[in-house]
Amino acid sequence: MRTKARTGYHHGDLESALLAEARSLVAKHGVEQISLREIATNVGVSPSAAYHHFPDKSALLNAVAQFVFEELGEEMQRAVALYPGKTLTAARRRFRATGESYVKFARRNRNLFLLCFGPHCDHSQNAKEETVAWNTMVGCLNELSDLGFINPKIRPYAEILSWSSIHGISNLVLDEMLPEEAIEPLLDGLELALRAEK
């Protein structure tokens, strides 16, 4: 049974509180099962107070999606940081870490991951700003290219090839059409596809 919204809001940052509650509900129940009114009630404010920050549910969900994109990028950065060094071996391990962490994030955060690539997310905003996740992967590819690992003919296509492959297998894992372990042979194949001719 839902409780009535408390009068007055004393947390100091209502927008952040709404985002946090929306993220929590999406993670538990998915996008379709929540409403802006419910989120406002859970936070302890009237719906009109929530509408002051977000005009509708889609606006709030888009803000949550942008936040989750940042979380994904930060997780990829942490995974990459586990393999320091300037050697080709370290650079290859960092590249693989971007793919592994991407799939693991999707697996652990199914509903949030689906939100990020669904109709409630404004992808034009991500395209303009270039997300941390995208830049992390590009940085790893640049390292491999500088070390002579990537075929110069393939380099212009390396980002889209890598991202689409990793994103595709993430969805297949979520749909239980492939096990999470399938990322390893996929990354083997990606390295072969990117590799410079000898």
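Structure: see above.
Remember, predicted model here, so these are calculated numbers, not experimental data.

Undergrad: Would you take a moment to explain a nonpolar patch on the surface for this structure?
TA: Together, L172, M177 and L178 give the surface a local cluster of nonpolar side chains, amounting to about 260 Å² of exposed area. Mapped onto the secondary structure, M177 falls in the loop between α9 (158-174) and α10 (183-194).

Undergrad: I'm lost on the packing of aromatic side chains in this one. Help?
TA: Scanning the model with the defined rule gives 5 aromatic pairs in all. Taking the centre distance of 5.4 Å and the plane angle of 75° together, the rings of F69 and F117 count as edge-to-face. Taken as a pair, F69 in helix α4 (residues 57-81) and F117 in the loop between α6 (110-116) and α7 (123-129) lie far apart in primary sequence, 48 residues in all. With relative accessibility at 5%, the residue F69 sits in the buried group. On the basis of relative accessible area, F117 is assigned to the partly exposed category, the value being 29%. For the pair Y102 and F113, a centre-to-centre distance of 5.7 Å together with 90° between the ring planes defines the contact as edge-to-face.

Undergrad: Help me understand α10, please; the structure alone is not making it clear to me.
TA: Each full turn of the α-helix corresponds to 3.6 residues, which orients residues three or four apart in the same direction. For α10, built from 12 residues, the straight-helix expectation of 16 Å at 1.5 Å per residue is met to within 8% by its first-to-last C-alpha distance of 16 Å. Here α10 has its buried residues at I183, L187, L190, E191 and L194. On an axial view of α10, the arc spanned by its buried residues comes to 100°, and they lie on one face. Those residues of α10 that are buried lie in contact with α5 (88-108), α8 (132-146) and α9.

Undergrad: Is there a simple way to explain unusual backbone geometry in this structure?
TA: Comment: phi is negative for the bulk of residues other than glycine, and the bulk of peptide bonds are trans. A positive phi is found at E176, a non-glycine position, where the angle reads about 60°. In this structure, E176 sits in the loop between α9 and α10.

Undergrad: Can you walk me through the side chain of E191 in this structure?
TA: Turning to its location among the elements, E191 is positioned in helix α10. The exposure class of E191 is buried, given its relative accessible area of 6%. A polar contact of 2.7 Å, which involves the side chain of E191, links it to the side chain of R92. The residues touching E191, leaving out its near neighbours within four places in the chain, are R92, F95, R96 and F149.

Undergrad: Hey, could you run me through empty space enclosed by the protein in this one?
TA: Gaps left between atoms show up when a probe the size of a water molecule is rolled over them. Applying the stated criterion across every chain, the model contains 1 cavity of 30 Å³ or more. Roughly 40 Å³ of volume is contained in the largest cavity. Along its surface, the largest cavity is lined by M76, T98, G99, Y102, M137, W163, I166 and H167. Broken down by secondary-structure element, the contributors of at least two residues to the lining of the largest cavity are α5 and α9.

Undergrad: Sorry, what's going on with the packing of helix α1 (residues 14-29) against α4 here?
TA: Between two packed helices, what matters for the description is the angle formed by their axes and the separation of those axes. The N-to-C vectors of α1 and α4 enclose an angle of 80°; their axes lie 9 Å apart at closest approach. On the basis of their axis angle, the class for α1 and α4 is roughly perpendicular. Counting all contacts with α1, which are made through L18, L19, A22, R23 and V26, the residues of α4 involved are L60, L61, A63, V64, F67 and E71. Residues belonging to the contact of α1 with α4 are distributed by class as follows: 9 nonpolar, no polar and 2 charged.

Calculation notes
- Residues numbered from 1 in each chain as written.
- Predicted model: local features only at pLDDT ≥ 70, side-chain atom pairs only at ≥ 80, totals over all residues.
- Heavy atoms only, no water.
- Patch = residues over 30% accessible without salt bridge, like charges linked within 9 Å, V, L, I, M, F, W, Y side chains within 5 Å.
- Areas by Shrake-Rupley, 256 points an atom, 1.4 Å probe, with all protein chains shown as cover.
- Salt bridge = Lys/Arg side-chain N within 4 Å of Asp/Glu carboxyl O.
- Helix = DSSP H or I, 4+ residues; strand = E, 2+ residues; numbered from the N terminus.
- Phe/Tyr/Trp six-rings, centres within 6.5 Å; stacked < 30°, edge-to-face > 60°.
- Buried < 20%, exposed > 50% of the residue type's maximum accessible area, 1.4 Å probe, protein only.
- Expected span 1.5 Å × (residues − 1).
- Arc of directions from axis to C-beta.
- Contact = heavy atoms within 4.5 Å.
- Polar contact = N/O pair within 3.5 Å; in protein donor to acceptor, adjacent residues only side chain to side chain.
- 1 Å grid on protein atoms, 1.4 Å probe; cavity = no way out; pocket = protein on both sides within 12 Å on 5 of 7 lines; lining within 4 Å.
- Points joined across faces, edges and corners; volume = space filled by probe spheres on them.
- Axes fitted to C-alpha atoms, helices over the stretch in contact; angles between N-to-C directions.
- Parallel < 35°, antiparallel > 145°, perpendicular 65-115°, else oblique.
- Nonpolar A, V, L, I, M, F, W, Y, C, P; charged D, E, K, R; others polar.

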